[in-house]
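Chain by chain, the residues run as shown.
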Number of protein chains: 4
Amino acid sequence: MVRKQKAARAFASDNWAGVHPEVLEAMVAANDGHVQSYGGDPYTNEAIARVRSELGEDAEVFFVFSGTAANVLCLQSMVRPYEAVICAETAHINTSECGAPEKHIGCKLLIVPSPHGKITVAGIREHLHHLGHPHHVQPRAVSITQATEYGTVYTPQEIREIADFAHANSLLLHMDGARIFNAAVSLDVPLRAITSEVGVDALSFGGTKNGLIAGEAVVFFNQPLAHDFEFRRMQGMQLSSKMRFIAVQFIALLTDELWRRSASHANRMAQLLAGELAGIKGATLTQPVHANEVFVLLPREIIPGLQERWPFHVWNEANAEARLITSFDTEEDDVMSFASLVREAIGSRQK
Amino acid sequence: MVRKQKAARAFASDNWAGVHPEVLEAMVAANDGHVQSYGGDPYTNEAIARVRSELGEDAEVFFVFSGTAANVLCLQSMVRPYEAVICAETAHINTSECGAPEKHIGCKLLIVPSPHGKITVAGIREHLHHLGHPHHVQPRAVSITQATEYGTVYTPQEIREIADFAHANSLLLHMDGARIFNAAVSLDVPLRAITSEVGVDALSFGGTKNGLIAGEAVVFFNQPLAHDFEFRRMQGMQLSSKMRFIAVQFIALLTDELWRRSASHANRMAQLLAGELAGIKGATLTQPVHANEVFVLLPREIIPGLQERWPFHVWNEANAEARLITSFDTEEDDVMSFASLVREAIGSRQK
Amino acid sequence: MVRKQKAARAFASDNWAGVHPEVLEAMVAANDGHVQSYGGDPYTNEAIARVRSELGEDAEVFFVFSGTAANVLCLQSMVRPYEAVICAETAHINTSECGAPEKHIGCKLLIVPSPHGKITVAGIREHLHHLGHPHHVQPRAVSITQATEYGTVYTPQEIREIADFAHANSLLLHMDGARIFNAAVSLDVPLRAITSEVGVDALSFGGTKNGLIAGEAVVFFNQPLAHDFEFRRMQGMQLSSKMRFIAVQFIALLTDELWRRSASHANRMAQLLAGELAGIKGATLTQPVHANEVFVLLPREIIPGLQERWPFHVWNEANAEARLITSFDTEEDDVMSFASLVREAIGSRQK
Amino acid sequence: MVRKQKAARAFASDNWAGVHPEVLEAMVAANDGHVQSYGGDPYTNEAIARVRSELGEDAEVFFVFSGTAANVLCLQSMVRPYEAVICAETAHINTSECGAPEKHIGCKLLIVPSPHGKITVAGIREHLHHLGHPHHVQPRAVSITQATEYGTVYTPQEIREIADFAHANSLLLHMDGARIFNAAVSLDVPLRAITSEVGVDALSFGGTKNGLIAGEAVVFFNQPLAHDFEFRRMQGMQLSSKMRFIAVQFIALLTDELWRRSASHANRMAQLLAGELAGIKGATLTQPVHANEVFVLLPREIIPGLQERWPFHVWNEANAEARLITSFDTEEDDVMSFASLVREAIGSRQK
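Computed from a predicted structure; not experimentally measured. (Residues numbered from 1 in each chain as written. Chains lettered and ligands numbered in written order. Predicted model: local features only at pLDDT ≥ 70, side-chain atom pairs only at ≥ 80, totals over all residues. Heavy atoms only, no water.)

(A) Molecular detail of the overall build of chain A. Secondary structure summary: chain A contains 13 helices and 11 strands in total. The C-alpha radius of gyration of chain A comes to 21 Å, within 12% of the 20 Å expected for a compact globule of 351 residues. Here chain A holds 351 residues, and the buried ones make up 67% of them. Sequence separation of 24 or more characterises 74% of the internal contacts of chain A that already satisfy a separation of 6 or more. When the accessible surface of chain A is split by element, carbon and sulfur atoms take 50% of a total near 11600 Å². Across chain A, the centroid of the 30 positively charged side chains sits 4 Å from that of the 40 negatively charged ones. (Helix = DSSP H or I, 4+ residues; strand = E, 2+ residues; numbered from the N terminus. Rg over C-alpha atoms; globule rule 2.2 N^0.38 Å. Buried < 20%, exposed > 50% of the residue type's maximum accessible area, 1.4 Å probe, protein only. Contact = heavy atoms within 4.5 Å. Areas by Shrake-Rupley, 256 points an atom, 1.4 Å probe, with all protein chains shown as cover. Lys, Arg positive; Asp, Glu negative; His and termini not counted. Charge placed at Lys NZ, Arg CZ, Asp CG, Glu CD.)

(B) Expanded view of the confidence of the model for chain A. Predicted confidence across chain A gives a mean pLDDT of 96, with 97% of residues reaching 70 or more. Confidence metrics for the complex model read pTM 0.97 and ipTM 0.96. (pLDDT = per-residue confidence, 0-100.)

(C) Structural context of the relation of the copies chain D and chain C. Expressed as a screw operation, the relation of chain D to chain C combines 0.0 Å of axial shift with a rotation of 180 degrees, fitting to an RMSD of 0.0 Å. Between the two chains, the operation in question is that of a two-fold axis. With an isologous cut-off of 70% or more, the 100% of interface residues of chain D that recur at the interface of chain C puts this contact in the isologous class. (Least-squares fit on C-alpha atoms with pLDDT ≥ 70 in both.)

(D) Representation of the interface of chain B and chain D within the structure. Residue-level contacts link 18 residues of chain B with 18 residues of chain D. Buried surface at the junction of chain B and chain D, both sides included, amounts to about 1700 Å², of which 61% is carbon and sulfur. Of all residues in chain B, the largest losses of buried area upon contact with chain D belong to Y82, P134 and F231 of chain B, amounting jointly to 39% of the total for that side. For the interface between chain B and chain D, the tally reads 2 salt bridges. The salt bridge partner of D228 of chain B is R80 of chain D, with a shortest N-O separation of 3.5 Å. Looking at the side of chain B that touches chain D, the element that brings in the most residues is helix α9 (residues 229–235) of chain B, giving 5 residues. Here the residues of the side of chain B that touches chain D are counted per class, giving 7 nonpolar, 7 polar and 4 charged. (Buried area = accessible area lost by both parts, 1.4 Å probe. Salt bridge = Lys/Arg side-chain N within 4 Å of Asp/Glu carboxyl O. Nonpolar A, V, L, I, M, F, W, Y, C, P; charged D, E, K, R; others polar.)

(E) Region of interest: the side chain of S96 of chain B. Take S96 of chain B: it is sitting in the loop between α4 (92–95) and α5 (100–105). A polar atom in the side chain of S96 of chain B sits 2.7 Å from the side chain of T95 of chain B. The contact partners of S96 of chain B, leaving out residues within four places of it in the chain, are M234 of chain A together with H135 and H136 of chain C. (Polar contact = N/O pair within 3.5 Å; in protein donor to acceptor, adjacent residues only side chain to side chain.)

(F) Focus on the relation of the copies chain B and chain D. Here chain B sits on chain D after a turn of 180 degrees about the axis and a move of 0.0 Å along it, with an RMSD of 0.0 Å. Both copies present the same face, since 100% of the interface residues in chain B are matched by interface residues at the equivalent positions in chain D.

(G) View of the pairing of strand β4 (residues 138–145) of chain A. Residues and elements named next belong to chain A. Counting buried positions along β4 yields 7 of 8 residues, so the element is predominantly enclosed. Looking at chain direction, strand β2 (residues 83–88) and β4 are connected through 5 bridges and run parallel. Looking at the pairing, V85 lines up with A141 of β4. One ladder, built from 5 bridges, connects β4 with strand β5 (residues 172–177); its direction is parallel. Pairing of T145 across the sheet is with D176, part of β5. (Pairing = 2+ DSSP bridges.)

(H) Layout of the packing of helix α1 (residues 21–30) of chain B against helix α10 (residues 244–253) of chain B. Residues and elements named next belong to chain B. Two numbers describe how α1 lies on α10: the axes approach to 8 Å, and their chain directions differ by 135 degrees. Taken together, the axes of α1 and α10 lie oblique to each other. Judged by the twist between their axes, the crossing of α1 over α10 is right-handed. Within the contact between the two elements, α1 uses E22, V23, A26, M27 and A30 and α10 uses R244, F245, V248, Q249 and A252. A per-class count over the contact of α1 with α10 returns 7 nonpolar, 1 polar and 2 charged. (Axes fitted to C-alpha atoms, helices over the stretch in contact; angles between N-to-C directions. Parallel < 35°, antiparallel > 145°, perpendicular 65-115°, else oblique. Left-handed = near helix turned anticlockwise from the far one by under 90°.)

(I) Inspection of the pairing of strand β1 (residues 60–64) of chain A at higher detail. Residue and element names in this part refer to chain A. β1 sits mainly inside the fold: 4 of its 5 residues count as buried. Relative to strand β7 (residues 216–220), β1 runs antiparallel, the two sharing 5 bridges. Looking at β7, one finds that E60 is bridged to F220.

(J) Molecular detail of the packing of aromatic side chains. Within this structure, the stated rule accounts for 54 aromatic pairs over all chains. Look at F181 of chain B and W259 of chain B: their rings are 5.4 Å apart centre to centre, the planes differ by 40 degrees, and that puts the pair in the tilted class. Here F181 of chain B is found in helix α8 (residues 180–187), whereas its partner W259 of chain B is found in helix α11 (residues 258–278), with 78 residues between them in sequence. In this structure F181 of chain B comes out as buried when scored by relative accessible area, which is 1%. With a relative accessible area of 1%, W259 of chain B lands in the buried category. The interplanar angle of 70 degrees and the centroid separation of 5.3 Å between the aromatic rings of F220 of chain D and F229 of chain D together place this pair among those described as edge-to-face. Take F220 of chain D: its relative accessible area is 0%, and that puts it in the buried class. You can call F229 of chain D buried: its relative accessible area is 0%. (Phe/Tyr/Trp six-rings, centres within 6.5 Å; stacked < 30°, edge-to-face > 60°.)

In structure tokens form, the structure reads like this:
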């Protein structure tokens, strides 16, 4: 048997965390007899209803296994191979999905510089040329990440501006919502205020980073995009046979506002962490802290020692920028203890 | 909340069943603190070791979400787009994966007639022509299913013959092992006796149909096939971030021979069911019953009534051939009760 | 320099033949100054007008390099990857394009047995099951070859029946017209009588096998299929920069009925050949001879000797079925001389 | 019939030009009787021998229809979908092939800024991170264009530096040689001095822009890359059935140094044009003129009038940068006449 894991935590990623206990309980409760496979079960129906209740009654909802899959299959329903997706240089679809969009959709990504993870209408506009010219890929979708890979958050108005510009230019708007709960909590708005109400056409609705085992949803607000998604999901190798066990995780997440409780906690821990680090001479925050991520420049030589006790990733090797992520189970003591360690490491270095 | 499900069972599929309690317990136990994501955790290491211990110490093991993905990614490592996979007409990859092999690999499947789900060297040989001719796809892999989609089982010697022929002709051998445990139990041999010891190059090692939530492994016995699989899995949208929760399911399945207990029970229930049906005039078994599937011709008009109480699929609408699947949680009473219902339905019809 | 080729001819294929002199003359004449590239030139406009004049004024016409490309790009505009193309077992797209449809479209071909190269509504209907079921590819197009790979020809009524059945079942009809001119001549009907007038949605309109250097057209009668074809052609690597030189070949082919003169001659030579072979004891015709292909069983041992003087392909090694193709430049003497050789070879063998 | 084209010329592109008369003559001469199709003919053998004689005796040579196809199929033999191609921002494969590399290879292009069309080791090095990490595409090839899309030329030493760096980092080097003849002439070196002798692994050897109708070759100096190219070309829809007519164009191009005569002339015309424009106040050259392309800033308002008489493309709408291309058939009078028109247009504007 596996040796008992030390119940330690890290600042490496919200997917180093486990599962929220309420989610596991719901899975155990759902393990009762036979139900129809592939989503024809009451749990899936209930989960879809709950997602609609949060995001919009007209939403089309489909569960998949992974966030990369949610992004790729969303976009595959939006663009043809000769079309293109405009996205941030820092977008997960661009940097961290091993070329899955290119492989599965066959399309090109057109990149917008994004110093703090966000893109603007001005950046998108730069790619709107050679329209109708067969030698050039044709922009067809814009993809933004909420909260961004740098932990920043688009306001509802910023999203609305992008959506309006997109639609005025025959572009569709996709949102990678791997950390959408952290964004909603940060803005203190309902989920629909940053999705269906501001012009998002398709959403990767991510549960895994907020305490699920593995559960993501593809949500179409632009309904015609959904018309053949059942086939795309199956051919895309993302149709779970025992679907109830993904669905019930979403039910738990959307029950008694578990999503808000978990994301609020994570965000609060990030604020605490940012505050502590801001007070340490020799540590420099590099990004606004809106959600559950803190980016900080640290003296390069202290990093390995810190990582040994509190694993985290160095995001940019060139300037020793570290990424620290908090999650639903981060404890205040973790933050204080880590901050102390940083303070100490910098201090002893300066002697 | 979801209305409490009636704890009923069905003969529809082994994926209508839930999860074995020992698997869920292991998942709960593994939900303890942070561990490295994407497979760098001790559970994954342990699970790989257990798979190797069953299948062969040199096996390369990778966990994925779904059986279709296991098949497609295995084969993608084996064939180039201009090459081809030879398989049974009845193969899951041919009939039930919505063209995923063609979409993801870009290759052609070459079909061998398979009245009882199995193929032979003679059938494979039919496709070995036009070798080296650029107008024709080049056969490069053979794929067999163990147990087959018709519930029949290849003997070790049959597999060895196919493997030897394949290798003698520069073909690789893939096994879709979605129900491999039922096959091993049926033959009363260890798992390696139908895989690594008889020439299989790559195996889709399926846990979901034997009591897991969602857990499949890609296993390469031919090690060079594995060299870039980490990238193929990630680009293939099958890399689980919280990998420990797939891994721990396999640990449970391979602990105290849970796999054997579950598969033995399911097979025994299938034998019981086959025996009962064989004794009913008006019901005709159509396939040898080796594993946990029973195929039976039933009077067409009684089917809807039976399905209402005991859901199952009609496999062949043309001749009203029903497919009945037993699982780890099928109870003897279920079988007897279903058989009675069939007897009764046929009886009242004949009056 | 290349050694002067012996001006011999063969029965190997209509693409062993060269180019019709009128075609080359037209190319030389078109080599005059600069014109717009990529199809924006007057030759292309004129060629499109000529194609429309033969096939239908509403046709959308696009020139490409090769017949395989015409087939693949036609079908790519008709089916999505999770859909399927129903075609004859003997179809060029199935047997002789090295899996290009699977690679480029990502879709599955569903095969209908076709002893003489043709398929019927009954055969197509066999594949219309599991509609709407995400595990199964969804038939979306039917592809027929006119004249078929066995040299047989569909009558206008046969095509109309297939088209009507297809459309009634939400299927589109594609025609691989690599030898469409031979078919039209065989039936003694205009080209539109076997295309636009009988329900064909998209046509691969092949010139190469009827005396062009390399020139094929994709023709859509179902206009919405054409809406993004400019992009598909460019991304499909089939947009010729100096398009005028493909276009002008079609202009020549459609001037003074060159197509009819060439195809009539080839068909007549095939009839002559078939007649001669039918009179030889020991040679057995295996297919009706409608167009410019003759299939014949020959004593296996005489084949190499014949091929040495008159190259041709053995179509089926199993039964020594030879395929003999005539072309626009086959001479009556070629036929008589070949027939004599066969007669002689069989005769000396029987002694 | 097409109205006689006015024998005008343009500065729009070297593919607005027609065919060199020696090429057409060779095609006419090759139209003699039947020869084996698909490249089994003596013309193809001869053409391959000639290419080898120019580029290196060990080169593997394959003819295809188009330059985009040559690039895509070269790179498809070099990289897997999860790998990446590093190239200039201005590379034809990035800007002008409608996403064909992404569609056919499924890979990502990693972009290096290239103000004058060229990239350097420093730019390539920026992309060599996250090696071995499955979330990130893995750089596997570098692609450079010779002459570049901006008409600049890499020296042999520059190519050697890139090749050495590439090979030291397990990268392969591809050259898009759509205008390789212009580059060789510009440098006054043999073709092999900028290809096989300086570390290029694969070359798109382009004839179309130097006076062919449509003829490109894929040339592998790194021989293992060629091992399955016959299949890739056929599946890639680029196998010409009447191959002799592509081959014979290359024979003509490589006979009596036609390639050098044509490219020298085009380059000389570009120098003349650049000299004239440099002397016009109000016209500003923006790129070094190494080959047959001249980039020049012109007053925006005079452009339409110039284009009416001498078609050319505005390369950059933002700053009214025009691209002027000369070809084998550009006449000195064309250049002088165009320059006069520019002078006049600018002059009358300044009044």
